[in-house]
Amino acid sequence: NGESTTGTHFEACGVSLIKDMLFDRINTPTRKSSNEQLMKVQQAANNDSEAFETTIENKKPSSSNPSPSDREEVLPIHPSSWPQLPLMIRPTPNTATKIRGIRYSSGKSTDELKGFSNKVLPINTGTEEPGSCLVVDFESTYFIGEILLRITDAPELPENSYHPESYFEGKKRTFQAVVRGKFKEPLCICNCVTGQTFDRRGNLPSKWIVNSFLKIFSLLAPQLEVNLSSDKPRFLAPLVATAQTVRVDRDAISTQRSTIEGDIIEPPSSDPSSILWEGGSSSEEFDRAQEETSISSRMKKRKKVFNQVAARKDELKQFSTEHEYTFEFFQHMLDFKDDISIKMGRPVGNVSVSQMTDGQPIKFMSAYNNPVTGELETLWSFDMWHESFYQLAKDALEQGA
């Protein structure tokens, strides 16, 4: 199942914890029509991905940065209002990530769900019955799509349906995220990154612990960019080289579109659903990739190829606006029980993330690293909170950190 590669998602979700700072339900008259729109979104999604076709209102805005008058609250609502306490997911404030709606993977209405909004998003436990996974539709400056999140220790929702079997059974991973959608502009693949960004410096653990993990993950992610000295530390790696699985739906050419809640399998590079596929014409490196047959070797080959693409700044390889892309991330090094902590193994044990980040949440994010401006322009960004972060974050804000 490719589980041996889970460490690489620590690059996309938790690695920067070590490297960086190692960081209501709305009862309004418009709610019904909102759900009707979500139903239409799901129906369209089942019809050749029409859900991700951009409309006039979805075209790229003139600026991806919010104006001062539109700045969002950095501190989330109090944990006592979190429907899945002690955990909470939300779109990162003051980024281009905007929520279009929440729905079940089957498309049925979410009217009965309580406590969720465009600032408090649902987490799946991995034990949902088929069709009962909760999916979030979102949009940003350059991307429009959907996301499904699973965390092993997330509390179940009384309104949802569950069964004894778990997605996580037999797997080491504790976290999975699947993003599927379309790019609004043909962005260069080499400029699209994932990782962690923070707004202030945190409290690093012992230097030897940080250096040890930097060494390990630099081997896993050769194009890793780490900045520990900045007032806004960050850790970034190439998006396509970091994701555990990448699939491309090339419309009529691709094989049948799979459900977002099912298993996401890395295709062989001879399949049109592979991002390595070149429609019959191939270079030497792509020919070598086609020789890889096991899922694990397919993943490793794709990562190697796109680390090389990033290294040489190959701007010829771009995301197409005509295709739908699926990115799967998972990892096993985060523990979500009493805190969000990093499993460092012996002799260190688990290390609290909230202390290292000074209450800043970890992110599940991707961005376009604009080569002209040097700015990170959000593709998607979601904050992962634990109640243990809240007081630390509040104290830092009150102290003007």
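Note: the structure precedes this text.
None of the values given here were measured: they were computed from a predicted structure.

**Topic: the packing of aromatic side chains**
In this description, an aromatic ring pair is defined by two values, namely the gap between the centres and the angle between the planes.
Inference 1: Taken as a whole, this structure holds 17 aromatic pairs when the rule is applied.
Inference 2: A ring pair is formed by Phe-143 and Phe-183, whose centres lie 5.0 Å apart and whose planes are at 80°; its orientation type is edge-to-face. A residue pair is termed long-range when its members are at least 10 positions apart, and Phe-143 in strand β4 (residues 143–151) and Phe-183 in strand β5 (residues 175–183) qualify at 40 residues. Note on accessibility: Phe-143 and Phe-183 belong to one class, buried.

**Quick look at the nonpolar core**
Inference 1: Counting 67 residues, the largest nonpolar core has Phe-319, Phe-327, Phe-364 and Trp-380 as its most contacted members.
Inference 2: Here this core takes 5 residues from strand β15 (residues 376–386), the largest share from any one element.
Inference 3: Apart from residues no more than four positions distant in its own chain, Phe-319 is found in contact with Phe-183, Glu-185, Pro-186, Leu-187, Ile-189, Cys-192, Leu-239, Val-240, Ile-275, Tyr-325 and Phe-327.
Inference 4: Counting 6 residues, the second largest nonpolar core, distinct from the first, contains Leu-148, Val-178, Ile-260 and Ile-264.

**Comments concerning the environment of His-163**
Inference 1: Tracing the backbone through its elements, the reader meets His-163 in the loop between β4 and β5.
Inference 2: For the pair formed by His-163 and Gly-126, sequence separation is 37 residues and the distance between their alpha carbons is 9.5 Å.
Inference 3: Not counting the four nearest positions on each side in its chain, His-163 is found in contact with Thr-127, Glu-128, Glu-129 and Pro-130.
Inference 4: Here the side chain of His-163 touches Glu-128 through a polar contact of 3.1 Å, landing on its backbone oxygen.

Calculation criteria
Residues numbered from 1 in each chain as written. Predicted model: local features only at pLDDT ≥ 70, side-chain atom pairs only at ≥ 80, totals over all residues. Heavy atoms only, no water. Phe/Tyr/Trp six-rings, centres within 6.5 Å; stacked < 30°, edge-to-face > 60°. Helix = DSSP H or I, 4+ residues; strand = E, 2+ residues; numbered from the N terminus. Buried < 20%, exposed > 50% of the residue type's maximum accessible area, 1.4 Å probe, protein only. Core = buried A, V, L, I, M, F, W, Y, C linked by side-chain atoms within 4.5 Å. Contact = heavy atoms within 4.5 Å. Polar contact = N/O pair within 3.5 Å; in protein donor to acceptor, adjacent residues only side chain to side chain.

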